[in-house]
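What follows is the residue order along each chain.
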Amino acid sequence: MKNPLLALAILLYFPSLGQLGSILGQVSTESKEALPGASVVLVGTVRGVETNGKGYYILKGLKAGQYTVKVSFVGYKPSIQEVVIKEGEQREVNFSLSDVTELQGVSVFAQSGIKGNTFLPQVNDFTITAGKKNEVIVLDNLQANLAMNNSRQIFSRTPGISVWENDGSGIQLGVASRGLSPNRSWEFNVRMDGYDITPDPMGYPEAYYTPPMEVVDRIEIIRGASSLQYGPQFGGLMNFILRKPDLSTKLVVESQNTTGNNGLFSSFNYVGGTSGRLSYTAYYQKRQGNGWRQNSQFNTDHTHGEISYAISNKLKVGAQLTYMQAVSQQAGGLTDTEFAQNSQQSKRARNWFSTPWFIYALTADYIINTNSKLSMKYFGTTAERNSVGFMRAITEVDPKGNRQVDRDLYQTNGAEMRYLLDYRIGSWKNTVASGLRYFHGEMQRKLVGIGTSNNDLDLSIQGLYNRDLLFTNSNYATFAETILRPTETLALTFGARLEKIDTRMEGQSGLSAAGQPIAVTPESRGRSFVLFGAGAEYKLSPNTKLYSNIAQAYRPVLSSDLLPPATTDVIDPNLSDAKGYNFDIGYRGEVGNYLTFDIDYFYLDYANRVGTISQQASDGRIFQYRTNLGHSVSKGAEAYIEFSPTTAWLKHQRFGNISVFASIAAIRARYLNFKTTSVINGKIVEGNLAGKHVENAPDKINRYGITYSKKGLSVSWQISDIGQAFADASNTITPNAAATTGLIPGYQVQDISGSFKFKKYAQLKFGVNNITDTRYFTRRSGGYPGPGILPADGRTWYVGLNLKFIK
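Presented here is an overview of the structure given in this document. Quick caveat: nothing in here was measured; it's all calculated off a predicted structure. (Residues numbered from 1 in each chain as written. Predicted model: local features only at pLDDT ≥ 70, side-chain atom pairs only at ≥ 80, totals over all residues. Heavy atoms only, no water.)

## Some thoughts on the overall build of the chain
- From N to C terminus, the chain includes 6 helices and 48 strands.
- On C-alpha atoms alone, the chain measures out to a radius of gyration of 28 Å, which is about the 28 Å that the 2.2 N^0.38 rule sets for 807 residues.
- Counting only C-alpha atoms, the chain reaches 90 × 65 × 60 Å along its principal axes.
- For the chain, buried positions account for 54% of its 807 residues.
- Counting only contacts in the chain whose residues sit at least 6 apart along the sequence, the fraction spanning at least 24 positions is 66%.
- Just so you have it, the chain exposes about 33,400 Å², and 57% of that area is on carbon and sulfur atoms. (Helix = DSSP H or I, 4+ residues; strand = E, 2+ residues; numbered from the N terminus. Rg over C-alpha atoms; globule rule 2.2 N^0.38 Å. Buried < 20%, exposed > 50% of the residue type's maximum accessible area, 1.4 Å probe, protein only. Contact = heavy atoms within 4.5 Å. Areas by Shrake-Rupley, 256 points an atom, 1.4 Å probe, with all protein chains shown as cover.)

Quick look at the structure:
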């Protein structure tokens, strides 16, 4: 080496580079069958791998010393061995796992059992979930149209989830639970790998970005009690966990290519793997199509890269970069008459929408000792929401003149630190999770720009925007929650969260007659408050448990709530965040590998809802006053049951395996109090929405399905049975001319999807969505992307080929 100082530095930094050892071996069943995909970890470190297709594993780069190796696999009893290795030694350690279900007297056969939703453990990574209503949607367990992010199928086994189905492109996700609004999932705290991906969780929580479901490993949902550890939104946490690097091989190459009617083409391409201490993944997805309706074409590009490196056995660092470019033509709404005539038609040919979205995250995980660990995440978003088109009521014909341009520019950054500690009080084995959070978000909102008369996505404008505003949110939070375990069967949880939120608005509220900017009076709001919660969990058997929790929740005042829609309107200076609580009590578990169930009762109290009423000034002038007006309650029962009769009753399954599921929710979402006013003959008349249905909240959300599998073939059929809902809080039944209010009828829609694995590396996927070509809608929009009825897609089909190569 030409540089002796560099050589010396390398020798000093890597003093034992040539003396590192490894642990390797094979994991198999007691009957000597290899177990691919088994988890092999060094206890008390960040090091871990998975077994390859033949059950082999290797842990490299280990210093001399004693290690505790733990091997686990779903359905098998974990195995632990103490291993001592010398300098440079390759130590072979094999593991044989015993089948837990056999110990319970249930036999297991190939393709047997059920593959539905699962549940989180009491402690999931750095999160306490004991006593909380939760679900884990494992995407590999579903037969669904993942190429198009079909929410109706993805959330089919998750009870109480309502879906807005007006975005057939799959770009944006609109789901909610328990009578809340599905508008871009904004009643959920939406995250990806544990960090924020929405424009601003405090001031603008709409989820414009949704990761491609082909790269999502699982979706973790924790209902309202997640507020203690994750903060805002009554719906709870929805966390998309992306596929992690394959720990069993150096290189995996995968390509999934899908085509379908309406010009659908989707190509998802993935690479990933692990080499020693380094793990990596990268994917690119291209999805485009013409859409089911007229004027509804879409074109999206998704790119993601992730890398992690174990600097030592206790410290692992990582980085993630994600970029999406999505462009979609918006077909606009329809009147009720137009929907009945032809729900595929469109009266808007010049409306467009785009969302460039860039997300980054830096992570570090540190194992302090066998009882404690620390996690750090730094994350941020640079993104846009752009729309251009003719935005007037659907009853008005587009005159082909200048279009309206609206743009949001988002810039956010934040950091979270989480600490997990196992501790004892006498014989009690307890756990505490705590953390700190910082978030800062800026949203520049440019509204009502005079655009061109072109037909394409042209965001250029003439002159100035009518409104040009800057909204800023800063959030500081700290939390702590503990599990107390007085016995092996009982767990009690207690927690609190302190929030501090500062919101500011400034900028331009309009233009004068001369075209000069009119400055808005800057508005600032600061508030601090504490949330409390408690829960309990009791094991009735090793695999079944009772659970219950109650936790306070809140929804921050939106940034847009600080700006009156007209200069004569007034915002309440004491306008406050919506607050309330969630309560759950339920029974969930598994019986062998042939039955999974979760049955619960819930109560969601939602107070301080924001609304607008008419007020009269001292001079007799009537103005609109925006303040806290409403109080609603959602309560009901939810049930998820999945059962495999072939596994339960047949010893041999020569004809394949059958499993059936039911996901049922009976929801009563009503206003207890919501003051309203109207102006009649110049006088204010007061009213109240007490007893009215909460808008967009059906009383029933039921889904049923059956799956048949044999060898490489698996086919699923499902039916969704959704009750009627109202588009407005006044519960208007007869629609208005613009179709923005009125009844949203109930509907039933069926889907069938399947896959066939015909090589070790090849899989065919296929399906038909909305088999019976039912014409229905789930939304009446009062504004963009309508206004009016936004129809759901009719019958569509898809077929795809997946190829996967492992080196």
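## Details of the sheet that holds strand β5 (residues 65-72)
- Here 4 strands make up an open sheet; going across it, the order is β3-β2-β5-β6 and the pairing antiparallel. If you trace the sheet from one side to the other, it starts and ends with β3 (48-50) and β6 (79-85), each paired once. Strand-to-strand twist of the sheet, defined as the mean angle between neighbouring strand axes without regard to direction, takes the value 20°.
- Note: strand β2 (residues 39-42) against β5, 4 bridges, orientation antiparallel. Paired with V40 across the strands is V71, a residue of β5. (Pairing = 2+ DSSP bridges. Axes fitted to C-alpha atoms, helices over the stretch in contact; angles between N-to-C directions.)

## A closer look at the sheet that holds strand β11 (residues 134-138)
- Taken together, 5 strands build an open sheet; the order of strands is β11-β16-β17-β14-β15 and the sheet is mixed. Edge positions in the open sheet fall to β11 and β15 (195-196), since each of these has one partner strand only.
- Looking at chain direction, strand β14 (residues 189-192) and strand β17 (residues 237-242) are connected through 4 bridges and run parallel. Across the sheet, R191 pairs through a bridge with N239, a residue of β17.

## Notes on the side chain of Q320
- By the secondary structure assignment, Q320 is in strand β22 (residues 315-329).
- On the basis of relative accessibility, which here comes to 7%, the residue Q320 falls in the buried class.
- Within the structure, Q320 has its side chain in polar contact with the side chain of D193 (distance 3.1 Å). (Polar contact = N/O pair within 3.5 Å; in protein donor to acceptor, adjacent residues only side chain to side chain.)

## Overview of the environment of L321
- Within the fold, L321 resides in strand β22.
- Placed 59 residues apart in sequence, L321 and G380 show a C-alpha to C-alpha distance of 10 Å.
- Ignoring any residue separated from it by four or fewer positions in sequence, one finds L321 in contact with T303, H304, G305, F358, I359 and Y360.

## Description of the packing of aromatic side chains
- Overall, the coordinates contain 24 aromatic pairs when judged by the stated rule.
- Considering the side-chain rings of Y581 and Y603, the 6.1 Å spacing of their centres and the 20° angle between planes classify their relative orientation as stacked. Highlighted residues: Y581 in strand β35 (residues 578-591) and Y603 in strand β36 (residues 595-616), separated in sequence by 22 residues.
- Looking at Y581, the relative accessible area reads 28%, which means it is partly exposed.
- Among the aromatic side chains, those forming a connected cluster through ring pairs are Y204, Y208, F353, W357, Y410 and Y784.
- The positively charged end of R418 is found above the aromatic ring belonging to Y230, 4.3 Å away from the centroid.
- Stacked on the ring of Y547, the Lys or Arg R588 has its end atom at 4.2 Å from the ring centre. (Phe/Tyr/Trp six-rings, centres within 6.5 Å; stacked < 30°, edge-to-face > 60°. Lys NZ or Arg CZ within 6 Å of the ring centre and 35° of its normal.)

## Considerations on the side chain of T493
- Structurally, T493 is set in strand β30 (residues 490-511).
- The residues touching T493, leaving out its near neighbours within four places in the chain, are I128, A130, E481, T482, I483, G533, A534, G535 and A536.

## Overview of the pairing of strand β16 (residues 216-222)
- Taking burial as the measure, the 7 residues of β16 include 5 buried ones, the bulk of the element.
- As judged from the 5 bridges shared by β11 and β16, these two strands associate in the antiparallel manner. Along β16, the bridge assignment pairs N134 with I222.
- Judged from the 6 bridges that link them, β16 and β17 form a sheet pairing that is antiparallel. Looking across to β17, one finds that I221 is bridged to M238.

## So, unusual backbone geometry
- Here the amide bond leading from Y784 into P785 is cis, since omega sits at 5°, within 30 degrees of zero.
- Looking at where P785 falls in the secondary structure, it is placed in the loop between β46 (777-781) and β47 (788-791).
- Residues other than glycine seldom take positive phi values, yet D193 does so here, at roughly 50°.
- By the secondary structure assignment, D193 is in the loop between β14 and β15.
- One non-glycine residue, A739, adopts positive backbone phi at about 65°.
- Its location among the elements puts A739 in the loop between β42 (725-726) and β43 (743-744).

## Some thoughts on the environment of L604
- Structurally, L604 can be placed in strand β36.
- Linking L604 and S312, residues 292 residues apart in sequence, is a C-alpha distance of 46 Å.

## Overview of a nonpolar patch on the surface
- Taken together, the side chains of I658, V660, I706, Y708, W717 and I752 define a hydrophobic patch exposed on the protein surface, amounting to about 420 Å² of accessible area.
- At the level of elements, β38 (657-680) and β40 (701-710) are the ones that each hand at least two residues to the nonpolar patch.
- Relative to the helices and strands, Y708 resides in strand β40. (Patch = residues over 30% accessible without salt bridge, like charges linked within 9 Å, V, L, I, M, F, W, Y side chains within 5 Å. Salt bridge = Lys/Arg side-chain N within 4 Å of Asp/Glu carboxyl O.)

## A few points about the pattern of salt bridges
- Within the structure shown, the criterion is met by 44 salt bridges.
- Here K133 makes a salt bridge to D600, at a shortest N to O gap of 2.9 Å. Within this pair, whereas K133 is found in the loop between β10 (127-128) and β11, its partner D600 is found in strand β36, the two being separated by 467 residues in sequence. For the pair shown, K133 and D600 are each scored as buried.
- Across the pair R555 and E187 runs a salt bridge, and its minimum N-O distance is 3.7 Å. Here the residue R555 occupies a position in strand β33 (residues 544-555), and E187 occupies one in the loop between β13 (175-177) and β14, the gap between them amounting to 368 residues. With respect to burial, R555 and E187 carry one shared label: buried.
- Three or more residues are tied together by salt bridges with common partners; here these are K133, E135, R178, R223, D584, D598, D600 and E638.

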